[in-house]
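# Understanding the architecture of this molecule
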Amino acid sequence: MTETTTYTLIDGKKVASDIKEEIAQKVAERKQAGKKIPHLAIILVGDDGASQTYVDNKVKACKSVGFHYTMMRFADTISEEKLLKHIDHVNNDDDVDGFIVQLPLPPHISVERVTEKIRSDKDVDGFTNHNFGSIISKKPLLMPATPFGVMELLRRYNIETEGKHAVVVGASRITGAPLSMMLTELGHATVTICHKYTKDLATFTRAADILLVAVGKPGLITAEMVKEGAVVVDIGTTRVEGPQYPKGWAIKGDVDFKAVAPKTSYITPVPGGVGPMTIASLLFNTLRATELQNP
Ligand code: GUN
């Protein structure tokens, strides 16, 4: 007899849509009460195709919940000094409750200097050191958007993290590192972080009750690397180009979904898993920033 495994697909699109509805409701209530409508500004430097797609989706999301938004575009030749000055200007613009600088930036601009210039109470990506550090405080401020989205997915699917072994692959400043802190602090999980210096990655991934992968290497995680019954969260979003895709490109995760899914208890697809949650978290943070600045 062949064993058939059933797994639950974690529908990030649906959860994100529920969160957007909750936010739209809160915006409507603020409007009714004559309170300030949240206003998100998006700074985009250059014309990277993937960034353009992400930003388009963020604008669409703002419209769908009734936020005000402003797109601020700059050529990739803008100097760091000019960009920092512009950020200061937005920091001091009382009409803007929150803003983001879409990454990546051109190589002549320091991501760290740009990020640290953002006022932490308007940092709705949750990228500043202040917000990053607040994860381990008793009062988290604006949470890093993607890891917060992952935690929210686990929570809404009632996936227990307490006492579980969570293995995070990828230690980036914007995803892997804050996610590992959230899993420890908020999820009470036992966390292992793997990164590019990890030897024999599979030894670690096979030990995971919950495997979370944020590397950006399509197909990195194969079926042999996953424990039977594990929860798998794929945070990879790589734009792969090819004539076989109707748009000329497709977004691919880090997990070989077809081979891995039957071994899991829960798994996120790409697209439609973690991706939409990043945007939902961005909206959530923007509403929070508005509530804090304009109660
Ligand atoms: N580039 C890829 N993901 C993100 C994100 O969540 N925020 C920003 N600002 N840039 C990104």
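Going by the structure above, here's the rest.
Reading the values: the criteria
- Residues numbered from 1 in each chain as written.
- Predicted model: local features only at pLDDT ≥ 70, side-chain atom pairs only at ≥ 80, totals over all residues.
- Heavy atoms only, no water.
- Helix = DSSP H or I, 4+ residues; strand = E, 2+ residues; numbered from the N terminus.
- Buried < 20%, exposed > 50% of the residue type's maximum accessible area, 1.4 Å probe, protein only.
- Contact = heavy atoms within 4.5 Å.
- Areas by Shrake-Rupley, 256 points an atom, 1.4 Å probe, with all protein chains shown as cover.
- Lys, Arg positive; Asp, Glu negative; His and termini not counted.
- Charge placed at Lys NZ, Arg CZ, Asp CG, Glu CD.
- Near = heavy atom within 4 Å.
- Polar contact = N/O pair within 3.5 Å; in protein donor to acceptor, adjacent residues only side chain to side chain.
- Nonpolar A, V, L, I, M, F, W, Y, C, P; charged D, E, K, R; others polar.
- Phe/Tyr/Trp six-rings, centres within 6.5 Å; stacked < 30°, edge-to-face > 60°.
- Pairing = 2+ DSSP bridges.
- Core = buried A, V, L, I, M, F, W, Y, C linked by side-chain atoms within 4.5 Å.
- Axes fitted to C-alpha atoms, helices over the stretch in contact; angles between N-to-C directions.
- Parallel < 35°, antiparallel > 145°, perpendicular 65-115°, else oblique.

### Quick look at the overall build of the chain
If you tally the helices and strands in the chain, you get 10 helices and 11 strands. With the C-alpha coordinates of the chain rotated into their principal frame, the extents come out at 65 × 45 × 40 Å. Counting the 295 residues in the chain, one finds 49% classified as buried. In the chain, once contacts between residues fewer than 6 apart in sequence are set aside, the share between residues at least 24 apart is 71%. Just so you have it, the chain exposes about 14,500 Å², and 54% of that area is on carbon and sulfur atoms. Between the centroid of the 35 positive side chains of the chain and the centroid of its 35 negative side chains there is a distance of 2 Å.

### With respect to the site of the ligand
Taken together, K58, V101, Q102, L103, D125, F127 and T278 are the residues near the ligand. Here a nitrogen atom of the ligand sits 3.2 Å away from a polar atom, N or O, in the side chain of Q102. Protein burial of the ligand: of its 280 Å² of free accessible surface, 82% is covered by the chains. Split by residue class, the shell around the ligand holds three nonpolar, two polar and two charged.

### Thoughts on the packing of aromatic side chains
In the structure shown here, the tally under the stated rule is three aromatic pairs. Relative to F257, the ring of Y7 lies with its centre 6.3 Å away and its plane at 80°, an arrangement referred to as edge-to-face. Here the residue Y7 occupies a position in the segment before strand 1 (8-9), and F257 occupies one in helix 9 (residues 257-260), the gap between them amounting to 250 residues. For F257, a relative accessible area of 29% gives the class partly exposed.

### Observations regarding the pairing of strand 7 (residues 210-213)
Neither face of strand 7 is open: one carries I210 and L212, the other L211 and V213, and all of them are buried. Two elements, strand 5 (residues 165-169) and strand 7, share four bridges in a ladder whose sense is parallel. Its bridge partner being in strand 7, A166 is matched across the sheet by I210. As judged from the four bridges shared by strand 7 and strand 8 (residues 231-234), these two strands associate in the parallel manner. From the neighbouring strand, L212 faces strand 8, where its bridge partner is V233.

### Quick look at the nonpolar core
Ranked by internal contacts, the top residues of the largest apolar core, which has 50 residues, are L183 and L212. Among the elements that take part in this core, helix 10 (residues 274-293) stands out by supplying eight residues, more than any other. Excluding anything up to four places from it in sequence, L183 contacts M151, L154, T161, A166, V168, H188, A189, V191 and L212.

### Notes on the packing of helix 1 (residues 12-32) against helix 6 (residues 145-156)
Two elements in contact, helix 1 and helix 6, have axes whose closest approach is 11 Å; the angle formed by their N-to-C orientations is 100°. Relative to helix 6, the element helix 1 is oriented roughly perpendicular. In this structure, helix 1 uses G12, V15, D18, I19 and E22 to contact helix 6, whose residues at the interface are E152, L153 and R156. Partitioning the contact of helix 1 with helix 6 into residue classes produces three nonpolar, one polar and four charged.

### What about the sheet that holds strand 4 (residues 98-101)?
Strand order in the open sheet formed by three strands is 3-2-4, with parallel pairing between adjacent strands. Of all the strands in the sheet, the pair left with one neighbour each is strand 3 (68-74) and strand 4. For this sheet, the mean inter-axis angle between neighbouring strands, taken without regard to orientation, is 15°. Running at roughly 170° to strand 2 (residues 39-45), helix 2 (residues 49-65) makes contact with strand 2, strand 3 and strand 4 of the sheet.

These values are about where atoms sit, not about what they do.
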